[in-house]
Every structure is written in C-alpha cells, then in structure tokens.
Amino acid sequence: MKAIVLGGTSGMGRAIAQRLAERGDGVFLLGIGDTELERSAADLKSRHPSRVDVGYAVCDLEKPETFAGALDAADAALSGFDAVIVTAGLFATQEKLEADIEFTRRLVTVNYANTVVFCEHARKRLLERGGGHLTVFSSVAGDRGRKPVAIYGSAKAGLSVYLEALDHKFHAAGLSVLCVKPGFVKTAMTAGLKPPPFAGEPDQVANDVIRAMDARKPMIYTPGIWALVMLVIRWLPRFVMRKIGF
Amino acid sequence: MGSPANGQSTLSGWGRVPVPGHEQLSENLEAATRGAVLCRGLGRSYGDSSLPANASDKVVATRLANRILAFDPETGILRAEAGLCLADLNRLFIPRGYFTPVTPGTKFVTVGGMVASDVHGKNHHIEGCFGAHVRSLRMRLASDDIVTCSETENPDLFYATIGGMGLLGHILEVEFKMHRISSPWIWMESERVGDIDEFIAALGHAAPRWPMTVGWIDCLIRGASLGRGILMAGRWATPEEAKAEPPPLPRNKTLPFEFPNWAINSLTVQAFNFAYYWKHMDHRGSGVVGTEPFFYPLDAVLHWNRVYGARGFTQYQCVLPRAAGPRAVREFMELMTKLGGASPLCVIKDCGPEGKGLLSFPLEGTSIAIDMAISADTQRIVDRLNEFVIAAGGRIYLTKDGFTRAEHFAAMEPRLPKFLAAREKWDPKRRLRSAQSHRLFGDPA
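As recorded in an unreviewed UniProt entry, chain B goes by the name FAD-binding oxidoreductase, listed as coming from Pendulispora brunnea.

Named according to an unreviewed UniProt entry, chain A is SDR family NAD(P)-dependent oxidoreductase originating from Pendulispora brunnea. For the record of chain A, the UniProt heading Sequence similarities (unreviewed entry) holds the text "Belongs to the short-chain dehydrogenases/reductases (SDR) family."

Moving on, we get to helix α2 (residues 34-47) of chain A. Between its first and last C-alpha atoms α2(A) spans 20 Å; for 14 residues at 1.5 Å apiece the expected length is 20 Å, and the two agree. Residues of α2(A) that are buried: Glu36(A), Leu37(A), Ser40(A), Ala41(A), Ala42(A), Asp43(A), Leu44(A), Ser46(A) and Arg47(A). Against the buried residues of α2(A) lie α1 (11-22), β2 (26-31) and β3 (55-58) of chain A together with β6 (68-71) and α2 (86-93) of chain B.

With that settled, the discussion passes to the pattern of salt bridges. Counting across every chain of the model gives 54 salt bridges over all chains. Notably, a salt bridge pairs Arg105(A) with Glu102(A), separated by 2.8 Å at the nearest N-O pair. Highlighted residues: Arg105(A) and Glu102(A), both in helix α5 (residues 101-128), separated by three residues, approximately one helical turn. A salt bridge links Asp218(B) to Arg228(B); the nearest nitrogen and oxygen atoms lie 3.5 Å apart. Residue Asp218(B) is found in the loop between β14 (212-217) and β15 (229-236), and its partner Arg228(B) is found in the loop between β14 and β15; the two are separated by 10 residues along the sequence. We classify Asp218(B) as buried; its relative accessible area is 4%. A single network of salt bridges, built from pairs that share partners, joins Arg14(A), Glu36(A), Arg39(A), Glu30(B), Arg67(B), Arg79(B), Glu81(B), Arg135(B), Arg138(B), Glu173(B) and Glu175(B).

All right, on to the state of the cysteines then. Residue and element names in this part refer to chain A. The tally for this structure, following the rule as stated, stands at zero disulfides over all chains. Cys-119 takes part in no disulfide bond, and the closest cysteine sulfur, belonging to Cys-179, lies 10 Å away. Cys-119 gets classed as buried once you look at its relative accessible area, which sits at 0%. The exposure class assigned to Cys-179 is buried, which follows from its relative accessible area of 4%.

For the rest of this paragraph, the subject is the packing of aromatic side chains. All names here are of chain B. Tallied over the full model, the rule gives 19 aromatic pairs over all chains. Measuring from ring centre to ring centre gives 5.0 Å for Phe-99 and Trp-236, while their planes differ by 65 degrees; the resulting arrangement is edge-to-face. In this pair, Phe-99 sits in strand β8 (residues 98-99) while Trp-236 sits in strand β15, placing the two residues 137 residues apart along the sequence. For the pair Phe-99 and Trp-236, one class covers both residues: buried.

With that settled, the discussion passes to the UniProt feature "domain: FAD-binding PCMH-type" (unreviewed entry) in chain B. Using the residue numbers shown here, the UniProt feature "domain: FAD-binding PCMH-type" (unreviewed entry) corresponds to residues 9-181 of chain B. Segment residues 9-181 of chain B splits into 17% helix and 28% strand. End C-alpha atoms: 44 Å apart.

Next up on the list: the environment of Leu11(B). All names here are of chain B. Looking at where Leu-11 falls in the secondary structure, it is placed in strand β1 (residues 10-11). Between the C-alpha atom of Leu-11 and that of Val-389, which follows or precedes it by 378 residues, the distance is 30 Å. If sequence neighbours within four positions are ignored, Leu-11 has contacts with Val-17, Pro-18, Val-19, Gly-21, His-22, Glu-23, Arg-40, Leu-51, Pro-52 and Val-59.

Take the domain arrangement of chain B next. Residues and elements named next belong to chain B. Domains assigned within chain B are domain 1 (68-181 + 415-441) and domain 2 (185-405). Between the C-alpha centres of domain 1 and domain 2 there is a distance of 24 Å. Taken together, the 34 residues of domain 1 in the interface contact 39 residues of domain 2. Of the roughly 3200 Å² buried at the junction of domain 1 and domain 2 (both faces included), carbon and sulfur atoms supply 60%. Looking at the side of domain 1 facing domain 2, the largest losses of area belong to Lys-122, His-125 and Arg-415, adding up to 26% of the total buried there. At the junction of domain 1 and domain 2, the tally comes to three salt bridges. The salt bridge involving Glu-292 is made with Lys-107; its shortest N-O contact spans 2.9 Å. Broken down by secondary-structure element, the contributors of at least two residues to the side of domain 1 that touches domain 2 are α2, α4 (124-127), α5 (155-161), α12 (416-426) and α13 (435-441). When grouped by side-chain class, the residues that make up the side of domain 1 that touches domain 2 number 16 nonpolar, 12 polar and six charged.

This part is about the packing of helix α3 (residues 67-78) of chain A against α5(A). Residue and element names in this part refer to chain A. Remark: α3 packs on α5, axes separated minimally by 10 Å, with the N-to-C direction vectors making an angle of 40 degrees. For the element pair α3 and α5, the recorded crossing hand is right-handed. Across the interface between the two elements, Phe-67, Ala-68, Leu-71 and Asp-72 from α3 touch Asn-114, Val-117, Phe-118, His-121, Ala-122 and Arg-125 from α5. Residue composition of the contact of α3 with α5, grouped by class: six nonpolar, two polar and two charged.

Residue and element names in this part refer to chain B. Extensive coverage of strand β19 (residues 313-321) is indicated by the burial of nine of its nine residues. Burial along β19 is two-sided: Phe-313, Gln-315, Gln-317, Val-319 and Pro-321 facing one way and Thr-314, Tyr-316, Cys-318 and Leu-320 facing the other are all buried. In this structure, β19 lies alongside strand β21 (residues 365-373), joined through nine bridges in antiparallel fashion. Opposite Gln-317, over in β21, you have Ala-369 as the bridge partner. Two elements, β19 and strand β22 (residues 395-396), share two bridges in a ladder whose sense is antiparallel. For Val-319, the partnering residue across the bridge sits in β22 and is Arg-395.

The rules behind each value
- Residues numbered from 1 in each chain as written.
- Chains lettered and ligands numbered in written order.
- Predicted model: local features only at pLDDT ≥ 70, side-chain atom pairs only at ≥ 80, totals over all residues.
- Heavy atoms only, no water.
- UniProt positions renumbered as here; feature names shortened; annotations may be inferred.
- Helix = DSSP H or I, 4+ residues; strand = E, 2+ residues; numbered from the N terminus.
- Expected span 1.5 Å × (residues − 1).
- Buried < 20%, exposed > 50% of the residue type's maximum accessible area, 1.4 Å probe, protein only.
- Contact = heavy atoms within 4.5 Å.
- Salt bridge = Lys/Arg side-chain N within 4 Å of Asp/Glu carboxyl O.
- Disulfide = S-S within 2.5 Å.
- Phe/Tyr/Trp six-rings, centres within 6.5 Å; stacked < 30°, edge-to-face > 60°.
- Domains from an automatic or database assignment.
- Buried area = accessible area lost by both parts, 1.4 Å probe.
- Nonpolar A, V, L, I, M, F, W, Y, C, P; charged D, E, K, R; others polar.
- Axes fitted to C-alpha atoms, helices over the stretch in contact; angles between N-to-C directions.
- Left-handed = near helix turned anticlockwise from the far one by under 90°.
- Pairing = 2+ DSSP bridges.

In structure tokens, the structure reads:
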C-alpha cells in the first residue's frame, strides 16, 4: 500500500502512519507545521529498516488552496498512491463552541466542508488509477444529535453521510471508502475530557483501521465496544434521548 | 463521550493508590511541558513518584510523544522522544538485531521513565544502569528554558537527572546506544538453591560467568531453608543455538477485574510459591527461551496489579552493600518474614558498582524486592525494614517507594546534599515536584 496520511503527525493519524511504516507500506505525511512533519517523517523512517525516505508536505484543512499541490507532491514522491487517510480535524467542547461563534464557523468548515473538498480531490486521483482506499475519520458523535456534542456531531453526521454515498457511488469502480467512527480515544484532542470506562488508545484504533482497510469494509466503530454502545444509542426513542445527557 | 474533567479525577501509580489529579496527554512535549510541574510515562512506578503533590498541578503524560528521531544502524545510537515505550522499541528492534542495553522487569516503561528511574536489570553487574548508556538528554527546565545535557554539557544537570525521578526538568528527548544481539533468543539456565547463604554464593558464582542473573525466593519458608528459591542465569543465544523462527509475539492476557482483598493471604501465597518451586524441581534446567518470558514474565498478564484488590499494594526494594556480608541478607529475610509482609514475589539480584546518577538506586551488593498488599501495618513494616537497611549501609529504590520517611531517606542517602545542591541551582523555587518529593524533600504541595 502507498498511503497518504492527512493528520499523520498526531493522535490516531500518527499511530496509523507508524503501523503502516512498520509493515513496510509507503507513507507520505500531510499536515501543518514543518517541524512536526519533519520529526514524524524521521520517526517513520526509523521504524522500518528498508525505508529509503518518508516525504511530507504542508496541507492545511483550513486552506483548500493547499490541497491539490500537496496531493501532487505526494503522488510524485510515492510514484503514485493507492490510499488516502484523513484523520485531521478540529475539536472543542460544546460549551466552548457556544461561547465562540468564530471557532464554531471554523470547526464546521474544517470538519465538514473542507474535508469533503479534500476527499473530492483525493477520490478523483484515486479513481483515475482505477481505485484504491479512501479512509476518513468521522465520529460516533455523528450518529445521533446529542447534547454534549451538538455542533461537532452535526458536522461529523454530514461527513458520515457523504462517505456512505461515496461508497455506494464508486465501490464498483474500485474505490473502497472507509468511514471510521471512533468512540472516546485517549489523545491530545480529548485531553480535557474525563474518559469513559471503555476509552480506547490510539494504537488500538490504528490496528482496527488498518485491518478494516485490508478487508475493504465501508464503516467501522473503534474500539469495537462502541458498535454495541451505538447500536443502543441509535435505537433510543427521542423522548429518552431528551432525558439523558450521554 | 464523557464530560469535562472535574475535581474528582484521580491518578495512581502501579500500586493503585489514587490521589486527586489529572494528566494532560500530548504528542508535543515541548509545548505541553511549558508550565508543567511533573511528567509521567505509563505510571508503572509503584508509589507516588509520578503523582502530583497537589490536585491542581499540571502533570504531563508523555506516552503519546513516542517518535524515534534518529537511528544509526552502524553505531546503534538511537534518539527518541521521552514517551517511546520499551515494548515498541523491542517490537521494532529485536527482529533487526538490537536490544536496549538495560531493561527493567517490565516492558511497559517509557525511555524518559527509564532515565528518571535509572532502571537496572538482570545485567546490572556487567552493564550498570540504563543511565550509563545515555549519551545526551534534551530537557525543559523549571525556568521553562530548553537545554541539552550530557557527560560534557551541563554534567551536573545530567547526573542529577539520571535517577532523579524527573525533579530536575522534564525529559523531552533521550539519546542512547542500543546493543547488538546475536539472536532474538535467550539461552537460560535455572538452578534450585536450598537456602539464603547458598543463594548469595550461587549469585556470586554466576555473576562472572553470566551476563544476566536473577533469583527468585520463597519468602515464606523459615528456619533452615530460609531463602530457598530458584536462580536463573541467561545470555543471548548464538545463531546456532537460536530457533529458526522468531520468538512468538506476546499474546497478553488481561486481568479483567480486581481480586477481593482477601484473595492475597499467606495461604494463597504459599500455594503459589510451592507451585513455582516444584515447577523447577529438576535440579538444573537449561534451554532457549524468548525475551518475553525471560525479561517480562509478569507482563504476560496485563493489569496483574489488580490481584491485590482495591486496597492497593506497594513494593519494597532495597540493596544491602557487599560489605554488610551475607549475614545481613539473612537477617533482613528473617526480619521480613517476622514482620509478615506476605509476598508472592521476592526477587533477589546481585548488583554491580554504583553508577554516576546522583540518586541511582543500585550499589555493589544484594538487592531484594518484595510486594506488599497495603494494610494498616504497612507504614510500620516499611519503617522497620528501613531502620535495618540504614544500619546495614544500604538504600531503597525510589521508583518502588511510597512510604519511606524523609528522615530515613536522608539517613540512607549520603549523596543527598549533592542532589539537593543541583536542585537548588536548576530549580531554586522547587517548581518541579511530585507527591514523593513533597514527602521526601519537603517540597511545597
């Protein structure tokens, strides 16, 4: 596999990039911040003995004008890619978003609109070569409208629907679209929150995601326990949802 | 999705005694350590060395900062962020023919933690502690400046940081030298030993012949057979001895629930010890084993600390100097048995010369480690054992400690003034602190 990881310098993206590099897959990093990209690329090189080079390019989900150039740079460095993984995104608690309307606009734009635009760039390039993998991190927060993640969840809901539609539309053409729905994972993004008893670790998520990509699954919950949790949540009647603060 | 952290969030060490506090996870240690008073890795130190002195202290968890920044296959020199876990390092580098120069008894430790505790292993008599193999450290100081230290650059900071329990500055990056290994397998020999005097002699006999040695003692046996146990010695297997296939990947089991408090009592401990002893009934055993069972037998059961139940546990580890003689070891064992700290695990090890780290644990002599379930009696037992250790000229291991009194620590640590002078220079206001430094050095809470 020759994979591009947008968000591969931190959190679950870093864990995925590390696992791919360790098993010998080609990796190209996209992200913001030259130093972080450079250090992360050095890490991936050290994790696999025969890795000649790991390239990187700046690609900022707040700046759609960087998308095409970054993907072209990756294409050149990897001499063609067959997987694009998007883990980057913004997060803030509902309280913080309600208090900061400008950050609300940024978060919704980055997590939905600009991610969709990036995916359109990526899937066109993949389809030109007969397909490949497009793996995008959505969230369990997008499955139901819930009080603690009202704004964040709504952007992820839109993203999940877009990814499902892409899968329906291009599966036959050879494009495997994987919508990843992580539950609570202990990363820097969730550092201000109190973890629930079944909180996951980035490594666990990375293993689940790579396994799902290899099996060409269209959607996974990770860690696996969230499939059960969300099964219940998805079927809860509205009057029950109204009462609980989950 | 959870709720924002509130004041009820707690942190604990491996001994599972919680204190109010909250850890901040970050991949970017340089940013996260600004204004922090303590870093912690995987929280495997038993006592309170990775716990905050005050619930509002900013404690950074380093485990996501795990990048390997450089590796030179020629020299084996590796530079990594402090949060890199030894389990990852082993997984990546054993197949390539490299191993960390020193490993503690768990692979769930970060390289930053290995420096802060200056960990030692079964090869201490040959290789010394981990710190002896560290070439340089990148640190954020109490002043918030970032500096590099090594044997030649800021050497006083370097030696106070090795074994300094993270009190001199936050370790951001560690550069050390990996060892080449002849195969991913260990040639191991085990031998049944009848009593404590025989044990000391056997350890002394094995030390010059084996790069790695460790002993396991049945502490509940009294009288003539006091100190009965198993001595294990090993070395890296040659390519000819090694099995053709790589050692199996560890398939960890986890202990999914905590045992009730009554589960560890002297009867269950005796049953365990009896089984372990008879497993090694053949007077002598030898063969090729993987690194996992040899170095990390307890890691095979994740969360094994839950066997001690909700009350938590501690470990008492001390070293008695060679000068005190085997008699001191026998007396220590007798005292321990008399005080009744039931322990399913008593480990004995022959230590080599003292290292250069100002608070490094080992010194030439015999190290003994026992687990103890925490009870109303624990403070008294630790006090009594410490009094014995002070009289014998020995010392305790801070990484395992949660009960030692400040005056006892001062009495067993002649290097303390030098360490405190280094802290005075690099952190005069004692901004960097832990619950342990509050207890042992009187740092502000």
